[in-house]
Amino acid sequence: MPQALLNFLSEHFYIPLYLLTWLISVYAYRRYFDTALKYLPILIAYTFFTELLGFLIKENYQFQFFSESRYAWHNVIIYNIYQLIFFLFFFKVYSKVIISNQIRTWIKYGSYACVLAYIGNSIFKNPLHNQLAFGHVVGSFILIAIIAVYFRQKVEVENPYPKWRNLMFWVSLGLVGFYVLFPVILIVSHTKFDIYTQFYYRNILMACIIMMYACFNIGFLLAKRKAFR
């Protein structure tokens, strides 16, 4: 295997991981094609192409957005857009699987709050060149709160199928594993960068990505359609 390919896979392993997850999601699609997660393969494909484009912008001048050399490698705008779409996608998913109408209303208001957080963040930080960390943190907290309500519902509502057969359970588990630490890492990286580098927070973030998509893949492979709730 060429050394360049080995270097790419070691430094950007998450890109083929997203592709693998998409392939598995398509393979298992018949298990959840009529559920609230029916559009999840599209989101995973979007994730893959976002990361691939981000890599190309950073490494290849032909894909760069800006003509000025100091901004040539800036690709953060695609991640800012992606993260907002990611949050709104899952807010919509949970609004379909949560039973309580009151909680669904709160999720709707949470979606509005997330969008406003991104808009407000864009006023103080140029989203073309800066990560919208405040919006990411607000969206993460809202998503975690929604998932906590979902897990509480899973305890209260009887289901003849075990939880490990429910794709929604595995997706929620993966999201919690990532978004519990994601805002902490963002805050540390923006306030205490020396601590961020000293304790290898990026490696922790990469480990969280592996854990989240591992949960997704386990769910795709173990899920049964009738167990979805």
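My aim in this report is to walk through the structure given alongside it, one point at a time. Starting from 1, residues in each chain are numbered consecutively following that chain's sequence as written. Residues qualify for local features only when their pLDDT is at least 70, as the model is predicted, and side-chain atom pairs are given and counted only at 80 or more; totals for whole chains, interfaces and linings, by contrast, use all residues. Water and hydrogen atoms were dropped before computing side-chain values, which therefore reflect all heavy atoms in the structure.

## Some thoughts on the pattern of salt bridges
What counts, and what does not: Here, a salt bridge means any Lys or Arg side-chain nitrogen found within 4 Å of an Asp or Glu carboxyl oxygen. A run of H or I in DSSP counts as a helix once it spans at least four residues, and a run of E counts as a strand once it spans at least two, with each numbered from the N terminus.
The tally for this structure, following the rule as stated, stands at 2 salt bridges. A salt bridge links Asp34 to Arg225, with the shortest nitrogen-to-oxygen separation between them at 2.6 Å. Note that Asp34 is positioned in the loop between helix 2 (14-27) and helix 3 (40-59) and Arg225 in the segment after helix 10 (201-222), a separation of 191 residues in sequence.

## Remarks on the packing of helix 4 (residues 76-97) against helix 5 (residues 101-124)
To characterise two packed helices, one gives the angle between the axes of the helices and the distance between these axes. Note the threshold: To obtain an axis, a line is fitted to C-alpha atoms, over the contacting stretch when the element is a helix, and the angle between two such axes runs from 0 to 180 degrees between their N-to-C directions. Throughout this description, any angle smaller than 35 degrees is read as roughly parallel, any larger than 145 degrees as roughly antiparallel, any in the 65 to 115 degree range as roughly perpendicular, and the remainder as oblique. In this analysis, two residues are considered to be in contact whenever any of their non-hydrogen atoms come within 4.5 Å of each other. For this scheme, ten residues count as nonpolar: Ala, Val, Leu, Ile, Met, Phe, Trp, Tyr, Cys and Pro. Four count as charged, namely Asp, Glu, Lys and Arg, and the remainder, Gly too, count as polar.
Look at helix 4 against helix 5: their axes get within 9 Å of each other, and the N-to-C directions meet at 175°. It follows that helix 4 is roughly antiparallel to helix 5 by the angle criterion. Mapping the contact onto sequence places Asn80, Gln83, Leu84, Phe87, Leu88, Phe91, Tyr94, Ser95 and Lys96 in helix 4 and Arg104, Ile107, Gly110, Ser111, Cys114, Val115 and Tyr118 in helix 5. When the residues that make up the contact of helix 4 with helix 5 are grouped by side-chain class, the tally is 9 nonpolar, 5 polar and 2 charged.

## Some thoughts on the side chain of Ser140
Keep this limit in mind: Between buried and exposed lies partly exposed: a residue is buried under 20% and exposed over 50% of the maximum accessible area for its type, with that area taken using a 1.4 Å probe on protein chains only.
Within the element layout of this structure, Ser140 appears in helix 6 (residues 133-156). For Ser140, a relative accessible area of 0% puts it in the buried group.

## Digging into the environment of Lys38
Tracing the backbone through its elements, the reader meets Lys38 in the loop between helix 2 and helix 3. A residue is classified by how much of its surface remains accessible, and Lys38, at 30% relative accessible area, is partly exposed. Along the sequence, Lys38 and Ser25 sit 13 residues apart, while their C-alpha atoms lie 9.9 Å from each other.

## Topic: the nonpolar core
Filter applied, for reference: Joining through side-chain atoms within 4.5 Å is the link that ties buried Ala, Val, Leu, Ile, Met, Phe, Trp, Tyr and Cys residues into a set, and such a set is a nonpolar core.
Among the nonpolar cores identified, the biggest contains 59 residues, and Leu37, Leu40, Phe90, Tyr94, Leu175, Tyr179 and Phe220 are the most heavily contacted of them. Of all the secondary-structure elements, those providing two or more residues to this core are helix 2, helix 3, helix 4, helix 5, helix 6, helix 7 (167-179), helix 8 (182-191) and helix 10. In terms of residue count, helix 4 provides more of this core than any other element does, 10 residues in total. Non-local contacts of Leu175, meaning those with residues more than four positions away in its chain, are made with Phe86, Phe90, Tyr94, Ile144, Ile147, Met212 and Phe216.

## Overview of the packing of aromatic side chains
Filter applied, for reference: Note on aromatic pairs: the rings of Phe, Tyr and Trp (six-membered ring only in Trp) are paired at centre separations within 6.5 Å, and the planes decide the class, stacked below 30 degrees, edge-to-face beyond 60, tilted for the rest.
All told, the structure shown has 22 aromatic pairs when counted by the stated rule. Ring geometry for Phe89 and Phe90: centres 5.0 Å apart, planes at 90°, overall edge-to-face. Each member of the pair, Phe89 together with Phe90, is buried. Ring geometry for Phe169 against Trp170: centres 5.7 Å apart, planes inclined by 75°, an arrangement best described as edge-to-face. Judged on exposure class, the residue Phe169 and its partner Trp170 are both buried.

All quantities given are derived from atomic positions and should not be read as evidence of function.
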